[in-house]
Amino acid sequence: MGSSELSPKFFTNRAVRRDAYRDPELFELERDRIFSKVWVFVGHMGELTQPGDYKTTVLNGAPIIIWRDAGDEVRALYNSCTHRGTKVTRRPRGNEKYLRCSYHAWTFGRDGSLLGVPDAEAYDETFDKEKLGLVAVPRIATTKHGLIFASQNANVEPLEQHLGEALAYMDAAFNDPTGYTVAGYHDYRVYGNWKLVTENSTDGYHVQSLHRMNAKAVQAQGGGLTEQQARPVAGERTGNYQVGLAGGHNLMTWESVVTERMMDPAAQTHGKRRRDYLGSIFPNLAINTNGNCPKVRQIIPIDVACTEIIQYALIPNSYTREERRAYLIRLAEYSGPAGANGVDDNDNFPQVQKGLRAPIDWSDVSRGVGKGGGLLNDETAMHALFEEWQRRLFG
Amino acid sequence: MAAVQSALQSEANARSEMARRLTDFLFDGARLLDDRRWAEWLSTCTHDIDYTVHTRANLNLMREGDTFDDVLPYVKCDYRALELRVQMLTREWHAVDPAPWTLHVVSNVRCWVDGKASAEKERYRVEALCIVHRNRIGEDLVIFPCRYEDEIEVAADGSMKLASRLVIVEAERIDGALAYLL
């Protein structure tokens, strides 16, 4: 579809136009009008526990370094030598006082400044090292939960303003006062558009069908929702519900009887209740406490039909070593490319993407519309994602 | 002297024979996995089996004092968990309908046949490479370069069972859905 044919109406309150998921031109427009303009999740402070720690990741397709200096300031710098563009580090993470480009050995400090240039006498008086430090990403900010966001937009609103009402849910989901350490990652690609992943966060409707195997297992273990859902009262957020928030965030929360192990029927915990949170922070952060495992997912669009997902295992610092090990087993059993839930979703995304190639214009997302919305298996919360997406792309 | 030499030769032959049988055990197990004979494969595991899958990228996160149990695995199963996983593979996962095809190419097998755990059962350390090719209708071929670090238990009657398997995927990522066993 040529850009001249783009219609501004990609979402009604009942349907989303399928080109949103399959049009490469729209994908590029998303880079320009969303991912270069908003706060994008890029990491967690639990990855940068020591001065000098750094990690590398991608921001809107660009390689960046998140680097903690000796004074604990965290910077986001483009991982691109200001000489001829080489990535100054190829490692996913490390701890360094400086980074030296492999190509011509230009050396950069933790604040991005250019520390040294071999054979500098070959440059004339116009050569100004001070102007050739690693280029900083315009904005970086961290939440009290340790989540790191960056923005290519120097004029982006304050992070708290962007998060808005979602902040309260994040506070509830990541409430360990001792903070979190990142204990590892599940890193995988799925062959589907990034919005299929994001909207899936508040798609409770698919649990009994796509996840029927582990839904049965959980119920057989005595786990599951603590109460049958009555339709939430409009305007009230109590019990088990999903909600779309201003800014494009969409979230679900529910109370259930916890199962300590997905894959061990003997390891259930009868009667122990917990409240879980699952949803997405626009545009690329998924939060999830399901399975008694707080975790986040960094959703990285690769191209229109390919998305990389990096799941961060967030271990509360209050955990003992045995609790930590138990958490790691639970997370592996529930999520990631081999988890009981993860296998279903990761297998399904490419099937959706392939089905979307059919010349059919619209996908129905009307579940709960006209009925008040808000149930866990409605589709009304994900409308917030589509509304924000449409607003940012087309005004 | 001749008797000593003969005894040494017999011992060497026995070790060589054990290494050959351990290698065959790996090949047989690979064939069971490729044939999707999950229950049979599970029956070749001890009831205290530890089956773990890591990526090299995650193992590189280990700090001093950490063991493999301190790092996030992709799969971590005891016997119960393997049993449930086998049930899921056999029945109701959408991810196995249609089922993927796999080819486990086992190679570079090394056996340590000197250790003895007890008089009744011996456990041998075996390492190998396993390149897993995975394909499925409508999908591209995916290849997983894996190392096996196994412990194989040999009973007095010579029967063998897998007591532990650490699969290290020499990669940064495991893409897609791991609805099979590496």
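Quantities reported herein were computed from a predicted structural model and do not represent experimental measurements. (Residues numbered from 1 in each chain as written. Chains lettered and ligands numbered in written order. Predicted model: local features only at pLDDT ≥ 70, side-chain atom pairs only at ≥ 80, totals over all residues. Heavy atoms only, no water.)

### Description of the overall build of chain B
Within chain B one finds 4 helices and 6 strands. When each of the 182 residues of chain B is scored for burial, the buried share is 47%. Sequence-distant contacts, at least 24 apart, represent 64% of the contacts inside chain B between residues at least 6 apart. If you sum the accessible surface of chain B, you get close to 9000 Å²; carbon and sulfur atoms cover 50% of it. For chain B, the distance from the average site of its 23 positive side-chain charges to the average site of its 31 negative ones is 2 Å. (Helix = DSSP H or I, 4+ residues; strand = E, 2+ residues; numbered from the N terminus. Buried < 20%, exposed > 50% of the residue type's maximum accessible area, 1.4 Å probe, protein only. Contact = heavy atoms within 4.5 Å. Areas by Shrake-Rupley, 256 points an atom, 1.4 Å probe, with all protein chains shown as cover. Lys, Arg positive; Asp, Glu negative; His and termini not counted. Charge placed at Lys NZ, Arg CZ, Asp CG, Glu CD.)

### Focus on the overall build of chain A
The helix and strand tally for chain A stands at 10 helices and 20 strands. The buried share of chain A, taken over its 395 residues, is 58%. At a minimum sequence separation of 6, the contacts of chain A that also span at least 24 residues come to 63%. Summed over its atoms, the accessible surface of chain A is roughly 16200 Å², and 48% of this surface lies on carbon and sulfur atoms.

### Brief notes about the interface of chain B and chain A
With 36 residues of chain B at the interface, the matching set in chain A holds 40 residues. Of the roughly 3400 Å² buried between chain B and chain A, counting both surfaces, carbon and sulfur atoms make up 54%. The salt bridge partner of Asp70 of chain B is Arg325 of chain A, with a shortest N-O separation of 2.9 Å. Our count for the chain B to chain A interface comes out at 17 residue pairs in polar contact (both at pLDDT 80 or more). Looking at which element gives the most residues to the side of chain B that touches chain A, the answer is helix 4 (residues 79-90) of chain B, with 5 residues. Tallied by class, the residues present in the side of chain B that touches chain A amount to 15 nonpolar, 6 polar and 15 charged. (Buried area = accessible area lost by both parts, 1.4 Å probe. Salt bridge = Lys/Arg side-chain N within 4 Å of Asp/Glu carboxyl O. Polar contact = N/O pair within 3.5 Å; in protein donor to acceptor, adjacent residues only side chain to side chain. Nonpolar A, V, L, I, M, F, W, Y, C, P; charged D, E, K, R; others polar.)

### Examining the pattern of salt bridges
This model, assessed by the stated rule, comprises 36 salt bridges over all chains. Between Lys76 of chain B and Asp69 of chain B there is a salt bridge; the shortest N-O distance is 2.8 Å. Looking at Asp69 of chain B, the relative accessible area reads 33%, which means it is partly exposed. Members of the salt-bridge network, linked through shared partners, are Arg321, Glu322 and Arg325 of chain A together with Asp70 of chain B.

### Examining the environment of Gly158 of chain B
Position of Gly158 of chain B among the secondary structure elements: in the loop between strand 5 (142-154) and strand 6 (160-169). C-alpha of Gly158 of chain B to C-alpha of Arg21 of chain B: the two residues are 137 residues apart in sequence and 9.4 Å apart in space.

### Details of the confidence of the model for chain A
Looking at chain A as a whole, its pLDDT mean stands at 90, while 90% of the residues score no less than 70. Contacts for the low-pLDDT stretch residues 1-5 of chain A, under 50 throughout, to residues beyond four places or in other chains number 6 contacts. (pLDDT = per-residue confidence, 0-100.)

### So, the packing of helix 2 (residues 24-35) of chain A against helix 10 (residues 383-394) of chain A
Residue and element names in this part refer to chain A. Here helix 2 crosses helix 10 at 85°, and the two axes come no closer than 9 Å. Taken together, helix 2 and helix 10 sit at an angle that is classed as roughly perpendicular. In contact with Leu26, Leu29, Glu30, Arg33 and Ile34 of helix 2, helix 10 contributes Trp389, Arg392, Leu393 and Phe394. Considered class by class, the residues forming the contact of helix 2 with helix 10 number 6 nonpolar, no polar and 3 charged. (Axes fitted to C-alpha atoms, helices over the stretch in contact; angles between N-to-C directions. Parallel < 35°, antiparallel > 145°, perpendicular 65-115°, else oblique.)

### Re the sheet that holds strand 7 (residues 98-100) of chain A
Residue and element names in this part refer to chain A. Pairing is antiparallel in the open sheet, where 3 strands are placed in the order 7-8-9. Looking at the sheet topology across the chains shown, the edges are occupied by strand 7 and strand 9 (114-116). On average, adjacent strands in this sheet sit at an angle of 35° to one another, irrespective of strand direction. Of the pairings in the sheet, the one linking strand 7 to strand 8 (residues 107-109) comprises 3 bridges and is antiparallel in character. Following the sheet pairing, Leu99 is matched in strand 8 by Phe108. (Pairing = 2+ DSSP bridges.)

### Regarding the pairing of strand 18 (residues 295-303) of chain A
Residues in a regular strand point their side chains to alternate faces of the sheet. Residues and elements named next belong to chain A. Taken together, the 4 bridges between strand 17 (residues 285-288) and strand 18 define a ladder with antiparallel strand orientation. Pairing of Ala286 across the sheet is with Arg297, part of strand 18. Counting the residues between successive antiparallel strands, the hairpin from strand 17 to strand 18 contains 6 residues, one of them, Gly291, with a positive phi of roughly 75°. Pairing between strand 18 and strand 19 (residues 306-316): 8 bridges, direction antiparallel. Within the sheet, the bridge partner assigned to Ile300 lies in strand 19 and is Glu308. Counting the residues in the hairpin turn of strand 18 and strand 19 gives 2 residues.

### Quick look at the sheet that holds strand 2 (residues 75-77) of chain B
Residue and element names in this part refer to chain B. Here we have 6 strands laid out as an open sheet, ordered 2-1-6-5-4-3, and mixed in their pairing. Either end of the sheet is taken by a strand with one partner, and the two such strands are strand 2 and strand 3 (101-112). Sheet twist, expressed as the mean angle between neighbouring strand axes with direction ignored, is 20°. One ladder, built from 7 bridges, connects strand 1 (residues 45-55) with strand 6; its direction is parallel. Its bridge partner being in strand 6, Tyr51 is matched across the sheet by Arg165. Where helix 4 meets the sheet, it contacts strand 1 and strand 2, and its direction lies at approximately 75° from that of strand 1.

### Observations concerning helix 10 of chain A
All names here are of chain A. Between the first and last C-alpha of helix 10 there are 16 Å, a value that for 12 residues agrees with the 16 Å anticipated at 1.5 Å per step. By the burial criterion, the buried members of helix 10 are His383, Ala384, Leu385, Phe386, Glu388, Trp389, Gln390 and Leu393. Positive phi shows up at Gly395, right after helix 10, with a value of about 85°. (Expected span 1.5 Å × (residues − 1).)

### A short note on the side chain of Lys76 of chain B
Relative to the assigned elements, Lys76 of chain B resides in strand 2. At 3.2 Å, the side chain of Lys76 of chain B forms a polar contact with the side chain of Asp50 of chain B. Within polar-contact distance, the side chain of Lys76 of chain B engages the side chain of Thr52 of chain B at 3.3 Å. The contact partners of Lys76 of chain B, leaving out residues within four places of it in the chain, are Ile329, Ala332 and Glu333 of chain A together with Asp50, Tyr51, Thr52 and Asp69 of chain B.

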